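What follows is the residue order along each chain.
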Amino acid sequence: MWKLIKRDINISIKSNIWKYILIMVFCIVVCGRFYVVVGDHARRISGNSDFYIGDYLFLMFGGMKEYVPEKNDYFELPVIWMAMQMLLISLVFIYPFKDLLSNGQYILVQYSERSKWWVSKIIWGLIQTVAGYVLIIGIILLFAILTGAHGLGVHKEYINYYYGSKITADVVNVWDIVVCFIYNICITVLYMSTALLTTPVVSLMLLVVYDVLSAYIMNPVLIGNVSMLLRNARYVNKGISALIPVVFLLCITAITFVITVHRFNKKDIVGN
């Protein structure tokens, strides 16, 4: 199985290189805009525009504040959060299913347990998500270092100005970034599993709808909320505690994984 994973990694590095570059450019542009816009605001208010690494982490993983339709506000998608979700899922978008229709069929014939092929693809997908996160965190840290930022503190006034929110914390907890990572790991598995049972396009559309609903409705049932710091009880009043939703998401992901492995092992794919 590890030979399959190594093969997939070698192929995907070539096919995903522009996606990796796009993620890097995206992070640089987002951090750069934040640095200019908020820095200018800070200098006008206090004459000081020092930043923390936590400011940039909050920028990238903030999402959006709770949307309350009763206030007659316009609903605006959390562009940074949505773009990050789509960029991460683009790393695994269609490759496993293209491979299944080409060389993958010849490889499947060689294995008595065809589920190993699908498990290797899931592991490959998780590696892609990890690589995406390494790039995102790496660019944030590099940008922070180059701009003199340090520490995991948060300038509440900066974030509140940029997002129009009211955060209460003074520091970013590393665990909450880990929760965001766990969410994307699970979403990768769920996306690939749904794509196997339907098509990659249908699975992507379902993911987009789910993300939009998560942004529109602040509810722990829509687990996308736990990957937004601006919906987290640690940072905002009346926020959502991430523990129970994350445990539930892990259970759903594990069950889905087992079902698709069993389904793949039984399904007559070769020759279709």
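Below, the structure is looked at part by part. Everything quoted here is computed from the prediction, not taken from an experiment.

**Side note on the overall build of the chain**
Here is step 1: Counting its regular elements, the chain contains 10 helices and 0 strands.
Here is step 2: Each helix and strand of the chain, placed in order from N terminus to C terminus, yields the pattern α-α-α-α-α-α-α-α-α-α.
Here is step 3: Its C-alpha atoms give the chain a radius of gyration of 20 Å, within 12% of the compact-globule value 19 Å for 272 residues.
Here is step 4: Over its C-alpha atoms, taken along the principal directions, the chain stretches across nearly 70 × 40 × 30 Å.
Here is step 5: Per-residue burial for the chain yields a buried fraction of 49% across its 272 residues.
Here is step 6: Long-range contacts, defined here as pairs at least 24 residues apart, represent 77% of the contacts in the chain between residues at least 6 apart.
Here is step 7: Just so you have it, the chain exposes about 13,600 Å², and 67% of that area is on carbon and sulfur atoms.
Here is step 8: Here the chain carries 22 positive and 15 negative side-chain charges, and the mean point of each set is 10 Å from the other.

**Things to note about a nonpolar patch on the surface**
Here is step 1: Side chains of Ile 17, Trp 18, Ile 21, Val 25 and Val 29 sit close together on the surface and give an oily, nonpolar patch of about 490 Å² of accessible area.
Here is step 2: If you trace the backbone, Ile 21 turns up in helix H1 (residues 2-46).
Here is step 3: For Ile 21, a relative accessible area of 33% corresponds to the partly exposed category.

**Digging into helix H8 (residues 174-197)**
Here is step 1: Taking 1.5 Å per residue, 24 residues should reach 34 Å; H8 reaches 35 Å between its end C-alpha atoms and fits that length.
Here is step 2: With respect to burial, H8 is a largely interior element, 18 of its 24 residues being buried.
Here is step 3: The opening residue of H8 is Asn 173, an N-cap whose side-chain oxygen sits 2.8 Å from the backbone nitrogen of Trp 175.

**Things to note about the packing of helix H6 (residues 115-146) against H8**
Here is step 1: Look at H6 against H8: their axes get within 10 Å of each other, and the N-to-C directions meet at 145 degrees. For H6 against H8, the interelement crossing comes out right-handed. Across the interface between the two elements, Trp 118, Lys 121, Ile 122, Trp 124, Gly 125, Leu 126, Thr 129, Val 130, Tyr 133 and Ile 137 from H6 touch Ile 177, Cys 180, Phe 181, Asn 184, Ile 185, Thr 188, Val 189, Met 192, Ser 193 and Leu 196 from H8.
Here is step 2: Residue composition of the contact of H6 with H8, by class: 14 nonpolar, 5 polar and 1 charged.

**Quick word on the pattern of salt bridges**
Here is step 1: In total, this model carries 2 salt bridges according to the counting rule given.
Here is step 2: For the salt bridge of Lys 156 with Asp 170, the shortest nitrogen-to-oxygen distance reads 3.3 Å. A residue pair is termed long-range when its members are at least 10 positions apart, and Lys 156 in helix H7 (residues 156-163) and Asp 170 in the loop between H7 and H8 qualify at 14 residues.
Here is step 3: Its relative accessible area of 27% is what places Lys 156 among the partly exposed residues.
Here is step 4: Taking the relative accessible area as the measure of exposure, Asp 170 reaches 49% and is therefore partly exposed.
Here is step 5: The salt bridge involving Asp 176 is made with Arg 234; its shortest N-O contact spans 2.7 Å. Taken together, the residues Asp 176 in helix H8 and Arg 234 in the loop between helix H9 (200-216) and helix H10 (243-266) connect sequence positions 58 residues apart.
Here is step 6: What makes Asp 176 buried here is its relative accessible area of 2%.
Here is step 7: On the basis of relative accessible area, Arg 234 is assigned to the partly exposed category, the value being 39%.

**Concerning the packing of H6 against H10**
Here is step 1: H10 packs onto H6 with a crossing angle of 140 degrees between their chain directions and a minimal axis gap of 8 Å. As the angle between them shows, H6 and H10 are arranged oblique. Seen along the crossing, H6 lies across H10 with a hand that is right-handed. Together, Ser 115, Trp 117, Trp 118, Val 119 and Ile 122 of H6 and Phe 257, Thr 260, Val 261, Phe 264 and Asn 265 of H10 make up the contact between the two elements.
Here is step 2: Considering only residue class, the contact of H6 with H10 consists of 7 nonpolar, 3 polar and no charged.

**Overview of the packing of aromatic side chains**
Here is step 1: Under the defined criterion, the tally for this structure stands at 16 aromatic pairs.
Here is step 2: Where Tyr 35 meets Phe 51, the ring centres are 5.4 Å apart and the plane angle is 40 degrees; that geometry is what we call tilted. Taken together, the residues span a long stretch of sequence, with Tyr 35 in helix H1 and Phe 51 in the loop between H1 and helix H2 (53-61) at a distance of 16 residues.
Here is step 3: Exposure remark for Tyr 35: the relative accessible area of 30% places this residue in the partly exposed category.
Here is step 4: We classify Phe 51 as buried; its relative accessible area is 3%.
Here is step 5: Plain terms: the ring middles of Tyr 95 and Trp 124 are 5.1 Å apart, the flat faces sit at 55 degrees to each other, and that makes the pair tilted. Note that Tyr 95 is positioned in helix H4 (residues 95-100) and Trp 124 in helix H6, a separation of 29 residues in sequence.
Here is step 6: Taking the relative accessible area as the measure of exposure, Tyr 95 reaches 13% and is therefore buried.

Cut-offs used in this document
Residues numbered from 1 in each chain as written. Predicted model: local features only at pLDDT ≥ 70, side-chain atom pairs only at ≥ 80, totals over all residues. Heavy atoms only, no water. Helix = DSSP H or I, 4+ residues; strand = E, 2+ residues; numbered from the N terminus. Rg over C-alpha atoms; globule rule 2.2 N^0.38 Å. Buried < 20%, exposed > 50% of the residue type's maximum accessible area, 1.4 Å probe, protein only. Contact = heavy atoms within 4.5 Å. Areas by Shrake-Rupley, 256 points an atom, 1.4 Å probe, with all protein chains shown as cover. Lys, Arg positive; Asp, Glu negative; His and termini not counted. Charge placed at Lys NZ, Arg CZ, Asp CG, Glu CD. Patch = residues over 30% accessible without salt bridge, like charges linked within 9 Å, V, L, I, M, F, W, Y side chains within 5 Å. Salt bridge = Lys/Arg side-chain N within 4 Å of Asp/Glu carboxyl O. Expected span 1.5 Å × (residues − 1). Polar contact = N/O pair within 3.5 Å; in protein donor to acceptor, adjacent residues only side chain to side chain. Axes fitted to C-alpha atoms, helices over the stretch in contact; angles between N-to-C directions. Left-handed = near helix turned anticlockwise from the far one by under 90°. Nonpolar A, V, L, I, M, F, W, Y, C, P; charged D, E, K, R; others polar. Parallel < 35°, antiparallel > 145°, perpendicular 65-115°, else oblique. Phe/Tyr/Trp six-rings, centres within 6.5 Å; stacked < 30°, edge-to-face > 60°.

Geometric values such as these leave the question of function open.
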